[in-house]
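Listed below are the residues making up each chain.
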Amino acid sequence: MERFFPVIRAFGMLLALFSITLIVPLATAYLRHDGAETAYKLAFFITAGSGLFLWFMTRQYKRELNVRDGFLLVVLIWSGLPVFAAIPFYTQLDIGFTRAYFEAVSGLTSTGATTLPGLDLLPVSINLWRHLIIWLGGMGLIVLAVAILPMLGIGGRQMFNAEMPGPIKDTKLTPRIAQTAKGLWLVYLGITVICGMAYHLAGMDAFDALCHAFSTVSLGGFSTHDASFAYWNSPLIEGIAVLFMLIAGMNFATHYVVIANIDLRAYLRDPEVLWFLGVLLASVLFITFYLWNFHIYDSNLTTLRHVTFNVVSIGTTAGFTSADYSFWPFFAPLWILFLSSFVPCAGSTGGGIKMMRAVLLYKQVYRELLRAMHPAAVRPVKLGGRSIPPNMLSAILAFSFIYMVSLVVLTLTLSFSGMEIVTAFSATVASLNNTGPGLGEVGPSGNYADLSQFQTWVCAFAMLLGRLEIFTLLVVLTPSFWKK
């Protein structure tokens, strides 16, 4: 057991650092007199005290983290931090630990699913805390931790490799991994600031602009209003949201290169970008023409407006809504939910299997079709002009298989618990892809409040599984991981 003490020591330090973020909603609660001060004080002392205790008890176990340590620490952070992030929800809202933990997991995984009705009536500090944790989870607490860990005497490369999406984890933007993490977070922060300013200038008040900037850039989908973006009914605000959801759905490493080199051509050199934009544009046009035949809205322009917003929002796994698309012909919401499975780029704040894997799967299938016709042909799979090594293709095929298995097993589990099949399937897809709203009872006009405790835990597990790219969590759950 002692071999894991360095991991516990690192987790303790990160937990103590995480407690500092609670000062923000605590100060807000005092300034706004919203009655949640006690909840945040309790959360702060429990979180800080637990972190310092874990660090103190294991302080003498200092060593560089290895690969196994990295996997364990990542899983500890993503599953353990929600326990402490849930304390304000549990204490102030009296919703029970299950729903409080679900809300915290949904926030930190940037899923955006909620069990809370009456968002407009929540204490201001509670809404701020929801959006703050979704913003922290968007880029990844691990990437932030990697920027800080070297200052604490802990190497962060193994954490970075365990956290970042598979196809880009070995990409080095800068010589040092901590410098890379800092660069990504500076880009993330800068885009958030610009997004918030744009929202405010477009008509949101300062608080809503801040919260929705957090939620947009993280592709989280939390809102301060039950009606989400339909609350403002503003084409301008929706247009700004679409722009920043598209930005957040691209690889932040590409944004970093563009900003660092002042070269927009980096977007053209990123093979995912054209696929990402092309699939979304084609889907917007296709569903718009499809809905025109059903005369859902009074004008074609209104149809285009709502289709554009909801296709981009659900496709990028942001999860905002501007209209209740559950009233559309069933094919349309099913298609946009399907988009959330693969549209976001690797290195974005979105979920799903990522566009890079989807493109490589398509190319691999196409190559096999050619081989069936021309067995002697040599046709390597290429992306961006580079040949993809066979081991990466094998890893992507394995990931896609376990993704499909997870989708089926979790859907059957929810169905076994008594949930009707459309809700079970869409809740699984929305949770596993970190999208938020699904169809049926968990559609845009509902939420996850009516789920049983068992169903709530299944969805929370699915959110963690999706956020950790499946393998990271499953590796820790295998018996061989715990053998010496």
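Residues numbered from 1 in each chain as written. Predicted model: local features only at pLDDT ≥ 70, side-chain atom pairs only at ≥ 80, totals over all residues. Heavy atoms only, no water.

Student: Explanation requested: the overall build of the chain in the structure shown.
Tutor: When you go through the chain residue by residue, the secondary structure sums to 22 helices and two strands. For a compact globule of 484 residues, the expected C-alpha radius of gyration is about 23 Å, and the chain comes in at 22 Å, within 12% of that figure. Taking the principal axes of its C-alpha atoms as reference, the chain extends roughly 60 × 60 × 55 Å. Within the chain, the fraction of its 484 residues that count as buried is 58%. For the chain, restricting intrachain contacts to residue pairs at least 6 apart in sequence, the fraction spanning at least 24 positions comes to 70%. A total accessible area of about 20200 Å² is found for the chain, and carbon and sulfur atoms account for 68% of it. In the chain, the 29 positive side-chain charges and the 24 negative ones have mean positions that sit 17 Å from each other. (Helix = DSSP H or I, 4+ residues; strand = E, 2+ residues; numbered from the N terminus. Rg over C-alpha atoms; globule rule 2.2 N^0.38 Å. Buried < 20%, exposed > 50% of the residue type's maximum accessible area, 1.4 Å probe, protein only. Contact = heavy atoms within 4.5 Å. Areas by Shrake-Rupley, 256 points an atom, 1.4 Å probe, with all protein chains shown as cover. Lys, Arg positive; Asp, Glu negative; His and termini not counted. Charge placed at Lys NZ, Arg CZ, Asp CG, Glu CD.)

Student: What am I meant to see in the state of the cysteines here?
Tutor: A covalent bond between the sulfur atoms of two cysteines is referred to as a disulfide. Per the counting criterion, the structure on display carries zero disulfides. Cys-211 carries a free sulfur, and the closest cysteine sulfur to it, the one in Cys-195, is 12 Å from it. (Disulfide = S-S within 2.5 Å.)

Student: I tried to follow the packing of helix H16 (residues 300-315) against helix H17 (residues 331-339) on my own but got confused; where do I start?
Tutor: Between two packed helices, what matters for the description is the angle formed by their axes and the separation of those axes. It is at 7 Å that the axes of H16 and H17 come closest, and there the two elements cross at 40°. Between H16 and H17, the angle falls in the class oblique. Both H16 and H17 take part in a crossing whose hand is right-handed. Listed contacts from H17 to Asn-310, Val-311, Ile-314 and Gly-315 of H16 are Ile-336, Leu-337 and Leu-339. (Axes fitted to C-alpha atoms, helices over the stretch in contact; angles between N-to-C directions. Parallel < 35°, antiparallel > 145°, perpendicular 65-115°, else oblique. Left-handed = near helix turned anticlockwise from the far one by under 90°.)

Student: Help me out: how do you make sense of unusual backbone geometry in this one?
Tutor: Backbone phi values are negative for most residues with the exception of glycine, while trans is the configuration of most peptide bonds. Even without glycine at this site, Ser-110 takes up a positive phi of about 55°. Assignment of secondary structure puts Ser-110 in the loop between helix H6 (97-108) and helix H7 (124-139). In this structure, Glu-469 is a non-glycine residue whose phi angle is positive, near 55°.

Student: Would you explain the packing of aromatic side chains in this entry?
Tutor: Two descriptors summarise a pair of aromatic rings, namely the distance from one centre to the other and the angle between the planes of the rings. Within this structure, the stated rule accounts for 29 aromatic pairs. Taking the centre distance of 5.2 Å and the plane angle of 50° together, the rings of Phe-229 and Phe-309 count as tilted. Separated by 80 residues along the polypeptide, Phe-229 in the loop between helix H11 (206-217) and helix H12 (235-248) and Phe-309 in helix H16 bring together distant segments of the chain. Considered together, Phe-229 and Phe-309 belong to a single accessibility category, that of buried residues. Through successive ring pairs, a cluster of aromatic residues spans Phe-286, Tyr-290, Phe-294, Phe-331, Trp-335, Phe-338 and Phe-342. Here the basic side chain of Arg-59 rests over the ring of Phe-56, its NZ or CZ set 4.0 Å away from the ring centre. The ring of Phe-222 is capped by Arg-130, whose NZ or CZ atom sits 4.1 Å from the centre of that ring. (Phe/Tyr/Trp six-rings, centres within 6.5 Å; stacked < 30°, edge-to-face > 60°. Lys NZ or Arg CZ within 6 Å of the ring centre and 35° of its normal.)

Student: Whenever I open this one, the side chain of Thr-114 confuses me. Can you help?
Tutor: Structurally, the position occupied by Thr-114 is in the loop between H6 and H7. A polar contact of 2.8 Å, which involves the side chain of Thr-114, links it to the side chain of Glu-103. The residues touching Thr-114, leaving out its near neighbours within four places in the chain, are Phe-102, Glu-103, Leu-119, Arg-130, Phe-222, Asn-447, Tyr-448 and Ala-449. (Polar contact = N/O pair within 3.5 Å; in protein donor to acceptor, adjacent residues only side chain to side chain.)

Student: What is the right way to read the packing of H7 against H11 from this model?
Tutor: One way to put it is that H7 packs onto H11 with a least axis distance of 8 Å and a crossing angle of 30°. Comparing the axis directions of H7 and H11 gives the class roughly parallel. Where H7 crosses over H11, the handedness of that crossing is left-handed. Within the contact between the two elements, H7 uses Val-124, Asn-127, Leu-128, His-131, Leu-132, Ile-134 and Trp-135 and H11 uses Phe-207, Leu-210, Cys-211, His-212, Phe-214 and Ser-215. A class-by-class count of the residues in the contact of H7 with H11 yields nine nonpolar, four polar and no charged. (Nonpolar A, V, L, I, M, F, W, Y, C, P; charged D, E, K, R; others polar.)

Student: Just checking my understanding: could you explain the environment of Phe-4 for this structure?
Tutor: As for its placement among the helices and strands, Phe-4 is situated in the segment before helix H1 (5-20). For the pair formed by Phe-4 and Ser-400, sequence separation is 396 residues and the distance between their alpha carbons is 31 Å. Among all residues touching Phe-4, those that are not within four sequence positions of it are Arg-68, Leu-72, Phe-481 and Trp-482.

Student: What exactly am I supposed to notice about helix H13 (residues 252-261) here?
Tutor: Note: α-helices contain 3.6 residues per turn, so residues at a spacing of three or four share the same orientation. Burial in H13 covers these residues: Phe-252, Ala-253, Thr-254, His-255, Tyr-256 and Val-258. A side-chain oxygen of the first residue of H13 lies 2.8 Å from the backbone nitrogen of Ala-253; this N-cap is Asn-251. A positive backbone phi angle near 50° is found at Ile-262, which sits one or two residues after H13.

Student: Would you mind going over the nonpolar core with me for this structure?
Tutor: Ranked by size, the top nonpolar core spans 139 residues in total, and within it Phe-89, Trp-129, Tyr-199, Met-245 and Tyr-448 carry the most contacts. Once residues within four sequence positions are removed from consideration, Tyr-199 is found in contact with Met-204, Ala-209, His-212, Ala-213, Thr-216, Phe-229, Ile-237, Ile-240 and Ala-241. (Core = buried A, V, L, I, M, F, W, Y, C linked by side-chain atoms within 4.5 Å.)

Student: What is the right way to read the pattern of salt bridges from this model?
Tutor: Counted under the stated rule, the structure contains seven salt bridges. When the shortest N-O distance is used, the salt bridge between Asp-263 and Arg-265 registers 3.0 Å. Residue Asp-263 is classed as buried on the basis of its relative accessible area, which comes to 15%. Each member of the salt-bridge network shares a partner with another, and the members are Asp-263, Arg-265 and Arg-269. (Salt bridge = Lys/Arg side-chain N within 4 Å of Asp/Glu carboxyl O.)

Student: Looking at this model, I keep getting lost on the confidence of the model for the chain. Mind explaining?
Tutor: A low pLDDT means the predicted coordinates there should not be read in detail. When pLDDT is averaged along the chain, the result is 89; 92% of the residues meet or exceed 70. Taken as a whole, residues 165-170 scores under 50 in pLDDT and shows 18 contacts with residues more than four places along the chain or in a different chain. (pLDDT = per-residue confidence, 0-100.)

Student: Hey, could you run me through a nonpolar patch on the surface in this one?
Tutor: On the surface, a nonpolar cluster with roughly 520 Å² of combined accessible area is contributed by Leu-52, Phe-53, Trp-55, Phe-56 and Met-57. By the secondary structure assignment, Leu-52 is in helix H3 (residues 37-57). (Patch = residues over 30% accessible without salt bridge, like charges linked within 9 Å, V, L, I, M, F, W, Y side chains within 5 Å.)

Student: Please clarify how the side chain of Thr-47 should be interpreted in this entry.
Tutor: Within the secondary structure, Thr-47 sits in helix H3. Residues contacting Thr-47, with those up to four places away along its chain left out, are Leu-15, Phe-18, Ser-19, Leu-22, Phe-84 and Ile-87.

Student: Looking at this structure, how should I read the environment of Phe-425?
Tutor: Among the secondary structure elements, Phe-425 is positioned in helix H20 (residues 421-432). With a relative accessible area of 33%, Phe-425 lands in the partly exposed category. Considering only alpha carbons, one finds Phe-425 and Val-273, 152 residues apart in sequence, at a separation of 29 Å.

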